[in-house]
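Summary of the model geometry
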Amino acid sequence: MRLSHQVLLATTSKTIKHISVFILSIILARSLSTGDYGIYLQVQLIVSTLLYLAIFGVPHSIYFFLPRSSQPKRLIGVSALVLNALGLALALLVFLNIDRIAALLNNPGLVPLVTIAALLLFFQVPIKLFEPAMIAAKRVGTFVALNATFNFLFIFPIAIPALLGWPVEDILASMLFFYVVQYGAVTLALIVVTATLKGQP
């Protein structure tokens, strides 16, 4: 696959996610009460802020190190373990400090959602390894196919419950289920692709 085609496909895959998020914002704003929509946005704020501040560039270091490594399988394996451990640490951080976070955001309604928020962090952190690992391993087609599929499906587990009038807690739980499935699919894809890499284990 030519580089220009790879870039186009990867960009298209990411664009699908942005379109889904835009459509979701309209659906949620119309379907949820002001208070519930605020809670949804604050949970997303907590998760996304900690997610991008705390991963320390670990996933993207794969772009540099994997092509130069004599032990690519070990490198991906260690990176995956680090990100899983980091996801667990972030989940515990949120779980143990939810009262302070809720007070900081002036929203006690966040406290009952602590388990969902913590698990959203835990499952999303390791997923960040998928893109750099696939691209650095020259498996752009695999990345685009799986990423585009999940980016397209992302809207449904959130939009459908919202349109059916589910409470915000159930909508967030449905989104969590989506990330659990994505985590499993991404982990399986990483294991399969890593097994095909040349070099020492």
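This text gives an overview of the structure that appears in the document. Given the structure is predicted, the values throughout are model-derived calculations rather than measurements.

So, on to the overall build of the protein. Along the protein, the regular secondary structure elements total ten helices and zero strands. Along its sequence from the N terminus, the protein presents helices and strands in the succession α-α-α-α-α-α-α-α-α-α. Computed over C-alpha atoms, the radius of gyration of the protein comes to 18 Å, within 12% of the 17 Å expected from 2.2 N^0.38 for 201 residues, which places it in the range of a compact globule. In terms of overall dimensions, the protein has a C-alpha envelope of 55 × 35 × 20 Å along the principal axes. Every one of the 201 residues in the protein was classed for burial, and the buried ones make up 42%.

As a further point, take the nonpolar core. In this structure, Tyr 40, Val 43, Leu 120, Ile 158, Leu 172, Met 175 and Tyr 179 are the most contacted members of the largest nonpolar core, which totals 63 residues. Considering each element in turn, this core owes the most residues, twelve residues, to helix 10 (residues 168–196). Ignoring any residue separated from it by four or fewer positions in sequence, one finds Met 175 in contact with Tyr 40, Gln 44, Leu 120, Phe 154, Pro 157 and Ile 158.

This paragraph deals with the side chain of Gln 42. Relative to the assigned elements, Gln 42 resides in helix 2 (residues 34–54). A relative accessible area of 18% places Gln 42 in the buried class.

This part is about the environment of Val 193. Its location among the elements puts Val 193 in helix 10. By relative accessible area, which is 7% here, Val 193 ends up buried. Residues Val 193 and Met 134, spaced 59 residues apart in sequence, show a C-alpha to C-alpha distance of 7.9 Å. Beyond its immediate stretch of four places on either side in the chain, Val 193 contacts Met 134, Ala 137, Arg 139 and Thr 142.

Between its first and last C-alpha atoms helix 4 (residues 72–96) spans 36 Å; for 25 residues at 1.5 Å apiece the expected length is 36 Å, and the two agree. Tucked into the core, helix 4 has its buried residues touching helix 2, helix 3 (61–65), helix 5 (98–104), helix 6 (114–127), helix 7 (130–136) and helix 10.

The rules behind each value
Residues numbered from 1 in each chain as written. Predicted model: local features only at pLDDT ≥ 70, side-chain atom pairs only at ≥ 80, totals over all residues. Heavy atoms only, no water. Helix = DSSP H or I, 4+ residues; strand = E, 2+ residues; numbered from the N terminus. Rg over C-alpha atoms; globule rule 2.2 N^0.38 Å. Buried < 20%, exposed > 50% of the residue type's maximum accessible area, 1.4 Å probe, protein only. Core = buried A, V, L, I, M, F, W, Y, C linked by side-chain atoms within 4.5 Å. Contact = heavy atoms within 4.5 Å. Expected span 1.5 Å × (residues − 1).

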